[in-house]
Amino acid sequence: SPSYVVICAYDLEKDVISDTSSVLGGGDTVYMNSDRLYLIDSDYSDVESARRTEGVYSVVDHRCFNSTIITRIGLSPLSVQSAGKVPGSVGSSYYVDEQNGYTRIATTNYTYSYSIYSDAKQGFDNYKSGDDNTTANALYVLDSGMNVVGKAENIAPGENIYSVRYDGAYAYLCTFRQIDPLFVYDLSNPGAPKKLSELKLPGFSEYLHVWSDGRLFGLGQSATDEGRVTGMKMVMFDISDKANVTAASSLELGEGYSEALYNPHAILIDYGRNLIGFPTDSGYALYSYTDGGGFAKLASIQGADWDYNM
């Protein structure tokens, strides 16, 4: 890539740039914790076969897939520590996490094929799409050198990951095509990620948030058994038993869209005040939640000039 990422450290007391570094290529997704910064970049490959003859055509088969390049950067000083690659691509920085020096990353790998039929005599090409297009999801654990030390692959084949949330030794993944499976993985042994449970519900969650000990909040879309999206919904998962996750409560909202589905800065989650807030097409909605009563709407703030940036 001809582009590069510039990283700067600012000394706020002295009001100066204390350190800077640049990475060629770099990527457009960033995950950072108090110890390190990660740059995530997508790499798409198109592998050609040897040329073969089929009738009057000269044929080249193409196999395409995507990969993720991960660059690990130390903060003091700013310097590249290591880099690696895993199959598939990530949807956001929420797909990446680090614990105890190990990097965890969830990916969706799209694989497809096509063939180019060339007729040199007539001077034209025909394109034929392959019938072996597949989608697969995976969870990888990498060491400090960005080497894969543990993995769980072929998760929900044919579906896509819609949301990921890491919580200590556990990873929660939501995939979707027709039914929404919530997967729970135990990553306490980095070399052997272990699936603990799988809960299937209609629809999917596009944002996951640990609400309290034993509860996981999800905001997303409801859907029919055939996979047709019918509108927004909230769900509270009971994750107190990681081997038997259930839905403690859910609520269909009668709304079609929220900025919070795609922008985590647009949602308010405050367990201490028992508040869940986000913008919708009809106003800013505020909800509370209790185990006995489920979700309860507290208010809907409306304005003539509604703006999602409010």
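Residues numbered from 1 in each chain as written. Predicted model: local features only at pLDDT ≥ 70, side-chain atom pairs only at ≥ 80, totals over all residues. Heavy atoms only, no water.

Peer 1: So what exactly am I meant to see when it comes to the overall build of the chain here?
Peer 2: Broken down by element type, the chain carries zero helices and 24 strands. Over its C-alpha atoms, taken along the principal directions, the chain stretches across nearly 70 × 55 × 50 Å. Contacts spanning at least 24 positions in sequence make up 45% of the contacts within the chain whose residues lie at least 6 apart. Looking at the chain as shown, the accessible area adds up to about 15800 Å², and 47% of this sits on carbon and sulfur atoms. Seen as two clouds, the 22 positive and the 39 negative side-chain charges of the chain have centres 6 Å apart. (Helix = DSSP H or I, 4+ residues; strand = E, 2+ residues; numbered from the N terminus. Contact = heavy atoms within 4.5 Å. Areas by Shrake-Rupley, 256 points an atom, 1.4 Å probe, with all protein chains shown as cover. Lys, Arg positive; Asp, Glu negative; His and termini not counted. Charge placed at Lys NZ, Arg CZ, Asp CG, Glu CD.)

Peer 1: Got a minute to help me understand a nonpolar patch on the surface in this structure?
Peer 2: Taken together, the side chains of Y4, V6 and L24 make up a nonpolar region of the molecular surface, amounting to roughly 360 Å² of accessible area. Structurally, Y4 can be placed in strand β1 (residues 4–11). (Patch = residues over 30% accessible without salt bridge, like charges linked within 9 Å, V, L, I, M, F, W, Y side chains within 5 Å. Salt bridge = Lys/Arg side-chain N within 4 Å of Asp/Glu carboxyl O.)

Peer 1: Please clarify how the sheet that holds strand β17 (residues 204–212) should be interpreted in this entry.
Peer 2: Within a sheet, neighbouring strands are paired by backbone hydrogen bonds and run either parallel or antiparallel to one another. Ordered in space as β17-β18-β19-β20, the four strands form an open sheet in which the pairing is antiparallel. Strands at the two margins of the open sheet, each flanked by one partner only, are β17 and β20 (246–252). Across the sheet, the mean angle separating the axes of adjacent strands is 25 degrees when strand polarity is ignored. The sheet contact formed by β17 and strand β18 (residues 215–223) spans seven bridges and is antiparallel. For L208, the partnering residue across the bridge sits in β18 and is G218. (Pairing = 2+ DSSP bridges. Axes fitted to C-alpha atoms, helices over the stretch in contact; angles between N-to-C directions.)

Peer 1: Help me understand the environment of S3, please; the structure alone is not making it clear to me.
Peer 2: As for its placement among the helices and strands, S3 is situated in the segment before β1. The partly exposed category is assigned to S3, whose relative accessible area is 38%. As for S3 and G27, which are separated by 24 residues in sequence, their C-alpha atoms are 8.8 Å apart. In contact with S3, other than residues within four places in its own chain, are L24 and G25. (Buried < 20%, exposed > 50% of the residue type's maximum accessible area, 1.4 Å probe, protein only.)

Peer 1: I keep staring at the layout of surface pockets and nothing clicks. Help me out?
Peer 2: Regions of empty space are outlined by a rolling probe, equal in size to a water molecule, passed over the atoms. Approximately 350 Å³ is the volume attributed to the largest pocket. Forming the walls of the largest pocket are 16 residues, and the residues nearest its centre are S92, Y162, E206, L261 and Y262. Going through the elements one at a time, β13 (160–167) and β17 are the ones with two or more residues in the lining of the largest pocket. Residues that form the lining of the largest pocket fall into these classes: ten nonpolar, five polar and one charged. (1 Å grid on protein atoms, 1.4 Å probe; cavity = no way out; pocket = protein on both sides within 12 Å on 5 of 7 lines; lining within 4 Å. Points joined across faces, edges and corners; volume = space filled by probe spheres on them. Nonpolar A, V, L, I, M, F, W, Y, C, P; charged D, E, K, R; others polar.)

Peer 1: Is there a simple way to explain the nonpolar core in this structure?
Peer 2: In globular proteins that are soluble, nonpolar side chains generally tend to be buried together. If you look at the biggest cluster of nonpolar residues, it comprises 27 residues, and the most contacted ones within it are I70, I105, A106, L139, I155, L173 and Y185. Going through the elements one at a time, β4 (36–48), β9 (102–119), β11 (134–142), β12 (148–155), β13, β14 (170–176) and β15 (179–186) are the ones with two or more residues in this core. Sorting elements by how many residues they give to this core places β11 first, with five residues. Not counting the four nearest positions on each side in its chain, I70 is found in contact with Y38, L39, I40, S82, A83, G84, V86, I105, L142 and M146. Judged by nonpolar contacts, the second largest core, of 19 residues, contains Y207, W211, L261 and F278. (Core = buried A, V, L, I, M, F, W, Y, C linked by side-chain atoms within 4.5 Å.)

Peer 1: In this structure, what is going on with the pairing of β9? I would like to understand it.
Peer 2: Working note: regular strand, side chains alternate between the two faces of the sheet. Within β9, 14 of the 18 residues are buried, which leaves it mostly tucked inside the rest of the structure. Sheet topology places strand β6 (residues 57–75) next to β9; seven bridges connect them, and they run antiparallel. Bridge pairing in β9 links H62 to Y114. The pairing of strand β8 (residues 96–99) with β9 spans four bridges and is classified as antiparallel. Within β9, the position partnered with D97 by the bridge is R104. Here β8 hands over to β9 after two residues, with N100 in that stretch at a positive phi of 55 degrees. One ladder, built from nine bridges, connects β9 with β11; its direction is antiparallel. Note on β11: the bridge partner recorded for T107 is A138. Looking at chain direction, β9 and strand β10 (residues 124–129) are connected through six bridges and run antiparallel. Bridge pairing in β10 links D119 to F124.

In short, the description is geometric, and any link to function would need to be established separately.
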